[in-house]
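Architecture at a glance
Single-letter residue listing:
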Amino acid sequence: MPPSPKYSDPDAIARISDLTLRSRRLAEGAISGQHLSPFHGFNVEFAEYREYTPGDDLRRLDWRVFARSDRHYIKQYEEESNVRVTFLVDASASMNYKGSAALSKYDYAATLVVALSMLLTRQQDPVGLVLFDEKAGTILPPNATQSQVMVIAGLLEKCVPSRKTELGGLLQTVTGQLKRRSLLVVVSDLFTDMEPVYDGLNRLRFQGHEVLMLQVLNRDELDLPFEGPTIFHDIEGEEELFAEPWAFRKSYKHAMVEFLGDVKRECGSRGYDHVQFVTDEPLVSSLSTFLHAREEKSRGGRPS
């Protein structure tokens with residue numbers, strides 16, 4: 001798979017190679033021994049009628065039309081077996097947080113996106129990419145070619161997360177630009193004002209789009225494990241707070257549980273999945289669990 005000429009710098013190529021190699025191992029490890037697709041296309045849709053001609057499948061005759069018109073018509077369908085997937089990847093400053101984990105939230109998200117892109121293009125599904133912080137930055141339209149994965153890896157590797165997150169406005173913008181029904185995969189820590197996000201999800205649902213929320217968090221953000229006097233820096237701003245973590249650990253963890261519960265409930269009420277990834281958990285097992293849940297859901301079962 002040749003690299004894009006846009007990323008011909010040797011250092012950039014080396015970094016892209018690291019990312020694509022890590023992602024390829026992840027993709028192959030996650031689907032080892034399984035024959036599944038991570039995503040499935042939308043249902044086959046009715047397109048139009050046409051007059052029957054000898055040799056047509058009689059099962060597709062519309063008898064109600066025949067009863068009204070005394071003429072034989074065949075139902076034709078538009079098969080959308082391939083799903084168009086656009087990854088919306090959070091490239092705001094908070095995604096830089098790494099703590100003691102091997103990968104920052106952004107590196108973890110990038111690996112996940114490239115691995116899923118490999119799986120999707122393998123089954124001829126077009127994939128695209130939008131990198132965002134306060135607004136949409138890089139926008140790569142969906143394409144099903146194998147070289148698209150390399151372009152996505154290059155864009156992710158080149159990006160330096162910065163500024164604040166503003167996902168709600170992005171969803172509003174994206175909604176107005178989608179011409180065909182699509183699957184939007186949001187990969188973010190979701191540390192943003194969620195009310196505009198929910199408004200955006202409502203519009204996407206109304207227009208028939210599917211959304212999958214992949215929330216990437218660091219363990220520190222869940223447990224607040226710090227001991228002793230600590231200076232907390234606002235990673236997307238300039239504020240600092242000097243505090244004893246033990247004094248507010250319990251209330252912080254309670255607020256975090258409520259926040260995560262709200263996100264899952266609001267996504268679920270619209271028929272959208274919300275999946276949480278934590279950066280100290282092995283990517284391959286997390287991705288395998290996610291793919292298994294997708295497979296169970298596509299079969300009408302209950303996700304584990």
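Bear in mind the structure is a predicted one, so any value in this text is a computation, not a measurement. (Residues numbered from 1 in each chain as written. Predicted model: local features only at pLDDT ≥ 70, side-chain atom pairs only at ≥ 80, totals over all residues. Heavy atoms only, no water.)

Remarks on the layout of surface pockets
Put simply, the rule is: Buriedness of a pocket was judged along seven lines, with at least five required to meet protein on both sides within 12 Å; pockets are open sets of points on a 1 Å grid over the protein atoms alone, cavities are sets where a 1.4 Å probe fits but cannot get out, and lining residues have an atom within 4 Å of a point. Grid points are joined across faces, edges and corners, and a volume is the space filled by probe spheres set on the points. We count a stretch as a helix when DSSP gives it H or I for four or more residues in a row; a strand needs E for two or more, and each element gets its number in order from the N terminus. In this classification, the charged set is Asp, Glu, Lys and Arg, the nonpolar set is Ala, Val, Leu, Ile, Met, Phe, Trp, Tyr, Cys and Pro, and all remaining amino acids, among them Gly, are polar.
Approximately 750 Å³ is the volume attributed to the largest pocket. What lines the largest pocket is a set of 24 residues, among which Glu221, Phe232, His233, Ile235 and Tyr252 lie closest to the centre. Contributions of two or more residues to the lining of the largest pocket are made by α7 (219-223), β8 (230-233), β9 (240-243) and α8 (245-269). By residue number, the principal contributor to the lining of the largest pocket is α8, which donates 5 residues. When the residues that make up the lining of the largest pocket are grouped by side-chain class, the tally is 13 nonpolar, 3 polar and 8 charged.

Regarding helix α5 (residues 167-177)
Definition in use: Burial status follows relative accessibility: with a 1.4 Å probe on protein chains alone, a residue under 20% of its type maximum counts as buried, one over 50% as exposed, and anything between as partly exposed. Within this analysis, the arc is defined by the directions that extend from the helix axis to the C-beta atoms. The contact criterion used is simple: two residues touch if any of their non-hydrogen atoms lie within 4.5 Å. The definition of a polar contact used here is a pair of N or O atoms within 3.5 Å, where within protein one atom must be able to donate a hydrogen and the other to accept one, and adjacent residues in sequence count solely through side-chain atom pairs.
Along α5, the positions that sit buried rather than exposed are Leu167, Gly168, Leu170, Leu171, Val174 and Thr175. For α5, the angular spread of the buried residues around the axis is 155°, confining them to a single face. Buried residues along α5 sit against β3 (85-90), β4 (127-132), β5 (136-143), β6 (183-188) and α6 (194-206). Structurally, the start of α5 carries an N-cap: the backbone nitrogen of Gly168 is 3.4 Å from a side-chain oxygen of Glu166.

Remarks on the pairing of β8
Selection criterion: Strand pairing is assigned whenever DSSP identifies at least 2 bridges connecting the two strands.
Going residue by residue along β8, you find Thr230 and Phe232 tucked away on one face and Ile231 and His233 left uncovered on the opposite face. Where β8 lies against β9, 4 bridges are found, and the strand directions are antiparallel. Bridging across to β9, Ile231 finds its partner in Phe242.

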